[in-house]
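The lines below spell out each chain.
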Amino acid sequence: SDELLFAVDQYALRGGKVLVFVDPHNESDQLAMMSGASFDGNSSNLEDLFNAWGVQFDSDNVLLDAMSGLDIRTQTGGVTRHFGFVGLTTSQLDREDMLTANLEVINGASFGVFKQKEGAKTTWLPLIQSTQNADLMDVNGYASTQDPDALAKAYQSDNKAYVLAVRLSGQAKSAFDGPLPEKLDEDERVSETKNLNVILVGDTDLLADRFWVQKSEFFGQTIFTPFANNGDFITNAVE
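Below is a short write-up of the structure. (Residues numbered from 1 in each chain as written. Predicted model: local features only at pLDDT ≥ 70, side-chain atom pairs only at ≥ 80, totals over all residues. Heavy atoms only, no water.)

1. Side note on the side chain of Ser59
Here is step 1: As for its placement among the helices and strands, Ser59 is situated in the loop between β2 (55–58) and β3 (61–65).
Here is step 2: A distance of 3.3 Å separates the side chain of Ser59 from the side chain of Asn45, its partner in a polar contact.
Here is step 3: In this structure Ser59 touches Pro24, Ser44, Asn45 and Val139, once residues within four positions along its chain are discounted. (Helix = DSSP H or I, 4+ residues; strand = E, 2+ residues; numbered from the N terminus. Polar contact = N/O pair within 3.5 Å; in protein donor to acceptor, adjacent residues only side chain to side chain. Contact = heavy atoms within 4.5 Å.)

Take a look at the structure:
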């Protein structure tokens, strides 16, 4: 709602710290998985806020990465590489920022990409990027393609790295520069800040257990064994 967007907008401008996960295609939503491309409620964007923060998020396309693609088990028992399921390692993680400096791998699926808007005044620091062997595919075509080998055939490298997570800081204006929504008080508005503190992540699937932690039963107890640093990434971001 406009009221909630305004609340987030004002929280950020008043010095609040914001961690945002958005996704062109949430593959971990079981309803979305069953409905495929016909289910359009599994994408997310915060376009108004992103525009105010000097960012564009592409919620119409999904990242394919040939170099970072993860090997998955097929229905016939074989193994194939899935270009939409990616494992991003040290070369794709910022080694200078404290959030990602000591991480080894982040796993996720169907990432969306961020771009800095022309004329943006925010400080732009990419935290996670794709490899140079990457391509973008229309989200509807991706959602309706169940065969990983078909994704590989559709892939054509753009020879560029895409930004998948970014830290924003510094100067930004409010997304609400016109009349405020009903029930909102004009006197409460903060119009700009010099201390924006935001982290944006272009995937929600990396929050799902299956991409980073293995569950097993041991004498009646459930044991969780991480095989990727997704949990560490989130903990570091919150801290």
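From this point, things continue past the structure.
2. Points about the packing of aromatic side chains
Here is step 1: Per the stated rule, a full pass over the model turns up eight aromatic pairs.
Here is step 2: Seen from their ring centres, Phe6 and Phe176 are 5.2 Å apart, and the 85 degrees between their planes marks the pair as edge-to-face. Here Phe6 is found in helix α1 (residues 2–13), whereas its partner Phe176 is found in the loop between β10 (163–173) and β11 (192–201), with 170 residues between them in sequence. Just as Phe6 is buried, Phe176 falls in that class too.
Here is step 3: Ring plane angle 75 degrees and centroid distance 6.2 Å describe the contact between Phe50 and Phe114, whose orientation is recorded as edge-to-face. Of the two residues, Phe50 sits in helix α3 (residues 47–52) while Phe114 sits in strand β7 (residues 113–116), which places them 64 residues apart along the sequence.
Here is step 4: Three or more aromatic residues joined by ring pairs make a cluster, and in this case those are Phe50, Trp53, Phe57 and Phe114. (Phe/Tyr/Trp six-rings, centres within 6.5 Å; stacked < 30°, edge-to-face > 60°. Buried < 20%, exposed > 50% of the residue type's maximum accessible area, 1.4 Å probe, protein only.)

3. A word on the pairing of strand β1 (residues 18–21)
Here is step 1: Every second residue of β1 is oriented toward a common face, the buried set being Val18 and Val20 and the non-buried set Leu19 and Phe21.
Here is step 2: Pairing analysis gives four bridges linking β1 to β11, with the strands arranged parallel. For Phe21, the partnering residue across the bridge sits in β11 and is Val201. (Pairing = 2+ DSSP bridges.)

4. Brief notes about the layout of surface pockets
Here is step 1: Counted as a void, the second largest pocket has a volume near 210 Å³.
Here is step 2: Forming the walls of the second largest pocket are Lys17, Val18, Leu19, Met98, Leu99, Arg167, Asn197, Ile199, Asn236, Ala237, Val238 and Glu239.
Here is step 3: Elements supplying a minimum of two residues to the lining of the second largest pocket: β1, β11 and α6 (230–238).
Here is step 4: With three residues, α6 is the largest single contributor of residues to the lining of the second largest pocket. (1 Å grid on protein atoms, 1.4 Å probe; cavity = no way out; pocket = protein on both sides within 12 Å on 5 of 7 lines; lining within 4 Å. Points joined across faces, edges and corners; volume = space filled by probe spheres on them.)

5. Observations regarding a negative patch on the surface
Here is step 1: Judged by side-chain charge, Asp2, Glu3, Glu47 and Asp48 come together as a negatively charged surface patch.
Here is step 2: The set of elements that each furnish at least two residues to the negative patch consists of α1 and α3. (Patch = residues over 30% accessible without salt bridge, like charges linked within 9 Å, V, L, I, M, F, W, Y side chains within 5 Å. Areas by Shrake-Rupley, 256 points an atom, 1.4 Å probe, with all protein chains shown as cover. Salt bridge = Lys/Arg side-chain N within 4 Å of Asp/Glu carboxyl O. Lys, Arg positive; Asp, Glu negative; His and termini not counted. Charge placed at Lys NZ, Arg CZ, Asp CG, Glu CD.)

6. Observations regarding the pattern of salt bridges
Here is step 1: Within this structure, the stated rule accounts for three salt bridges.
Here is step 2: Notably, a salt bridge pairs Arg81 with Asp71, separated by 3.7 Å at the nearest N-O pair. With a gap of 10 residues between them, Arg81 in strand β5 (residues 79–89) and Asp71 in strand β4 (residues 69–73) connect regions that are remote in the sequence.
Here is step 3: With its nearest N and O atoms 2.9 Å apart, the salt bridge here joins Arg167 to Asp97. Of the two residues, Arg167 sits in strand β10 while Asp97 sits in the loop between β5 and β6 (105–109), which places them 70 residues apart along the sequence.
Here is step 4: The exposure class assigned to Arg167 is partly exposed, which follows from its relative accessible area of 23%.

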